[in-house]
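Remarks on the overall topology
Listed below, chain by chain, are the residues.
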Amino acid sequence: MIKSVVYSGHKPGMKLLVLGAVHGNEVCGTAAILRVMQEIDAGQIEIASGQVTFVPTANSRAYASGRRYLERNLNRYLLPSANPQTYEARLSNILCPMLESCDTLLDLHSYTIGGPPFACLETPDKEAVSLAAVMGAEAAVFGWEAGYAASGRAAANPDEGVGTTAYATRFGAKAVLIECGQHKDGEAVEVAYRAIRKAMRLAGLTSDPVLEDAVKPIPVLKIAQIYFRTDDGIFAEPWKNLTPVKQGQWLASRADGERIVAPCDGYVLLPNLKVDLGAEWFYLGVKAG
């Protein structure tokens, strides 16, 4: 079961979908969505045209237990299934029609280790990057499916890298996933809240003046490599998101002592020592272009 709340304006317009807690332990989106819904209900925000659908907790059972997921990552293999075998696969069958029908998707996430907010995009076109910058991202990252292929995983199952943004863009939506900050950092909620307000304004749902903030150009990074946790390895440093590294720099070590070094200049993304075996340990992004 997934609870969604829909607000419709008096005039026709764009359809915006806002997701929180696709990963159950990433709670900033839920808090921000509930705050915006409360303001709409109180008449502080008016939806003048179009429609916004809020899903405060896309994975409610994982959210209730404070876990990333129950049986499998909801933001991987996100496709309809005629015979779903897991709880998250059943949720996918509910989410996919929502993703198919929206014009714009805003998916709100957070991460384990600190750093600035950044956006995950499917395509690095100028409009998508500008959208991410307006929503508060300090960098835009793309190339997830190609990153899986480069890491030798997509060959086994090409659908592994399909998540909310990949699926929504297949149906023509503008899709942005914002990594708002560290899981328990209150500022992540503020980033998520501002992103929602700006997404509603950009979609023409409101005449909110929140877009008056100055927007700076942001770097665009492509996923070059995905490193999976295979044992109790260690990081060379206490990496934070978007930390720059140089070619040949020591990044991490496997439990047997094998060193992982950067194959090129780039940036560390989403480092997490505590993920399950077989899951994504950290990513390496490089500047696009």
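Preceding this section is the structure that the text describes.
These notes cover the structure that comes with them. (Residues numbered from 1 in each chain as written. Predicted model: local features only at pLDDT ≥ 70, side-chain atom pairs only at ≥ 80, totals over all residues. Heavy atoms only, no water.)

Quick look at the overall build of the protein now. Of the regular secondary structure elements, the protein holds seven helices and 14 strands. The C-alpha radius of gyration of the protein comes to 19 Å, within 12% of the 19 Å expected for a compact globule of 289 residues. On the principal axes, the C-alpha backbone points of the protein span a range of 60 × 45 × 30 Å. Relative to its 289 residues, the protein shows a buried fraction of 53%. Contacts in the protein between residues far apart in sequence, at least 24 positions, make up 68% of those at least 6 positions apart. The average position of the 28 basic charges and that of the 31 acidic charges among the side chains of the protein differ by 1 Å. (Helix = DSSP H or I, 4+ residues; strand = E, 2+ residues; numbered from the N terminus. Rg over C-alpha atoms; globule rule 2.2 N^0.38 Å. Buried < 20%, exposed > 50% of the residue type's maximum accessible area, 1.4 Å probe, protein only. Contact = heavy atoms within 4.5 Å. Lys, Arg positive; Asp, Glu negative; His and termini not counted. Charge placed at Lys NZ, Arg CZ, Asp CG, Glu CD.)

This next bit is on the sheet that holds strand E11 (residues 250-253). Sheet architecture is open: three strands sit in the order E9-E11-E12, paired in antiparallel fashion. Each end of this open sheet is capped by a strand with a single partner; those strands are strand E9 (234-235) and strand E12 (259-261). As paired elements, E11 and E12 share three bridges and run antiparallel to each other. When the bridges of E12 are listed, Ser253 appears paired with Arg259. (Pairing = 2+ DSSP bridges.)

Our next topic: the environment of Ala168. Here Ala168 lies in helix H6 (residues 164-170). Among the residues examined, Ala168 registers a relative accessible area of 0% and is labelled buried. In this structure, the C-alpha to C-alpha distance between Ala168 and Gly266, residues 98 residues apart in sequence, is 28 Å. For Ala168, the residues in contact, after removing those within four places along its chain, are Leu99, Leu105, Ala173 and Ala175.

Taken in spatial order, the eleven strands of this open sheet run E1-E3-E2-E4-E7-E5-E6-E8-E14-E13-E10, and their pairing is mixed. The open sheet has two edge strands with one neighbour each: strand E1 (5-8) and strand E10 (243-245). Shown here is a sheet whose adjacent strand axes are inclined to one another by a mean of 30°, direction ignored. Taken together, the three bridges between E10 and strand E13 (residues 266-269) define a ladder with antiparallel strand orientation. Looking at the pairing, Val245 lines up with Gly266 of E13. Contacting strand E2 (11-20), strand E3 (49-55) and strand E4 (104-111), helix H3 (residues 87-101) crosses the sheet at an angle of about 140° to E2. (Axes fitted to C-alpha atoms, helices over the stretch in contact; angles between N-to-C directions.)

Under the counting rule described, the total for this entry stands at seven aromatic pairs. Between Phe235 and Phe282, the ring centres sit 5.7 Å apart and the planes meet at 85°, which makes this aromatic pair edge-to-face. Taken together, the residues span a long stretch of sequence, with Phe235 in strand E9 and Phe282 in strand E14 (residues 280-287) at a distance of 47 residues. Like Phe282, Phe235 is buried. Site record: aromatic cluster; members linked through ring pairs are Tyr227, Phe235, Trp281 and Phe282. Over the ring of Tyr193 we find Arg35, and its NZ or CZ is 3.6 Å from the ring centre. If you follow Arg61 out to its NZ or CZ, it ends over the ring of Tyr87, 4.3 Å from the centre. (Phe/Tyr/Trp six-rings, centres within 6.5 Å; stacked < 30°, edge-to-face > 60°. Lys NZ or Arg CZ within 6 Å of the ring centre and 35° of its normal.)

What is shown is where atoms sit, not what they do.
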